[in-house]
Amino acid sequence: MTLLAIYAAEGGHHPMPEHLISEAALIQQELGQWGIQFQRWPARASLPEGADQAAILAAYAEEVAAVQRDGGYQTVDAIRLQPNHPDRAALRQKFLSEHTHSEDEVRFFVEGRGLFCLHVGDAVIQLVCEADDWISVPAGTRHWFDMGPEPQFCALRFFNNTEGWVAQFTGDPIAERFPTLPELINPSGR
Ligand SMILES: [Fe+2]
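Since the model is a prediction, treat every value here as computed from it, not as a measurement.

Colleague: In this structure, what is going on with the overall build of the protein chain? I would like to understand it.
Modeller: From N to C terminus, the protein chain includes five helices and eleven strands. For the protein chain, the C-alpha radius of gyration of 16 Å lies close to 16 Å, the compact-globule estimate for 190 residues. Considered along the principal axes of its C-alpha atoms, the protein chain spans approximately 45 × 35 × 35 Å. By the burial criterion, 46% of the 190 residues in the protein chain qualify as buried. In the protein chain, of all internal contacts separated by at least 6 residues, the share reaching a separation of at least 24 is 76%. By element, 51% of the accessible surface of the protein chain is carried by carbon and sulfur atoms, the whole surface being about 9300 Å². Of the charged side chains in the protein chain, 13 are positive and 26 negative, and the gap between their average positions amounts to 3 Å.

Here is the structure:
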């Protein structure tokens with residue numbers, strides 16, 4: 001289930017969320033206040049087990065065309081990770097610290113789930129994205145992403161500036177104080 005949790009950025013370890021929102025229209029409204037676009041796009045296709053990049057993009061050709069038309073995102077690729085991926089620990093770590101990009105981060109989840117964490121103003125917003133969720137995080141937004149220890153997701157990624165693929169890490173250890181993906185979706189399992 002898609003879930004939005006809002007916290008005060010300042011505070012102790014594992015702060016309690018001030019708001020928890022699971023209704024898509026309210027999530028859209030809340031994120032919109034921070035300049036973050038959120039939409040629901042039905043993930044129509046059921047992808048075969050070994051679907052490669054080209055097959056995934058072909059299955060979503062219509063959505064890709066729509067995003068590229070609206071936002072001017074020239075480049076699109078697909079990332080699909082399974083729980084047994086040999087590099088899953090390193091891949092998880094790569095996105096787990098607060099960073100920014102000089103381009104928008106646009107993702108359309110078509111399978112599984114992942115946790116976007118946005119540090120905006122004096123708030124931290126955590127969004128568990130699931131299949132059908134489309135999110136656009138503006139360039140320069142402080143954020144991190146947790147795919148969990150056993151990643152399972154497929155997302156299309158849209159880029160409007162190929163130089164921005166590099167993350168600029170802020171050096172702020174803020175991510176360590178907030179719930180990880182498994183902690184947020186299964187709080188009793190901590
Ligand atoms: Fe990022």
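Colleague: So what exactly am I meant to see when it comes to the pairing of strand β8 (residues 133-137) here?
Modeller: In regular strands, side chains alternate between the two faces of the sheet. Among the five residues in β8, five count as buried, and that is most of the element. Burial along β8 is two-sided: D133, I135 and V137 and W134 and S136, pointing in opposite directions, are all buried. The pairing of strand β3 (residues 37-40) with β8 spans four bridges and is classified as antiparallel. Bridging across to β8, Q37 finds its partner in S136. Inspection of the sheet shows strand β6 (residues 105-120) paired to β8 by four bridges, in the antiparallel sense. Paired with R107 across the bridge in β8 is I135.

Here is what the cut-offs are and how they apply
Residues numbered from 1 in each chain as written. Predicted model: local features only at pLDDT ≥ 70, side-chain atom pairs only at ≥ 80, totals over all residues. Heavy atoms only, no water. Helix = DSSP H or I, 4+ residues; strand = E, 2+ residues; numbered from the N terminus. Rg over C-alpha atoms; globule rule 2.2 N^0.38 Å. Buried < 20%, exposed > 50% of the residue type's maximum accessible area, 1.4 Å probe, protein only. Contact = heavy atoms within 4.5 Å. Areas by Shrake-Rupley, 256 points an atom, 1.4 Å probe, with all protein chains shown as cover. Lys, Arg positive; Asp, Glu negative; His and termini not counted. Charge placed at Lys NZ, Arg CZ, Asp CG, Glu CD. Pairing = 2+ DSSP bridges.

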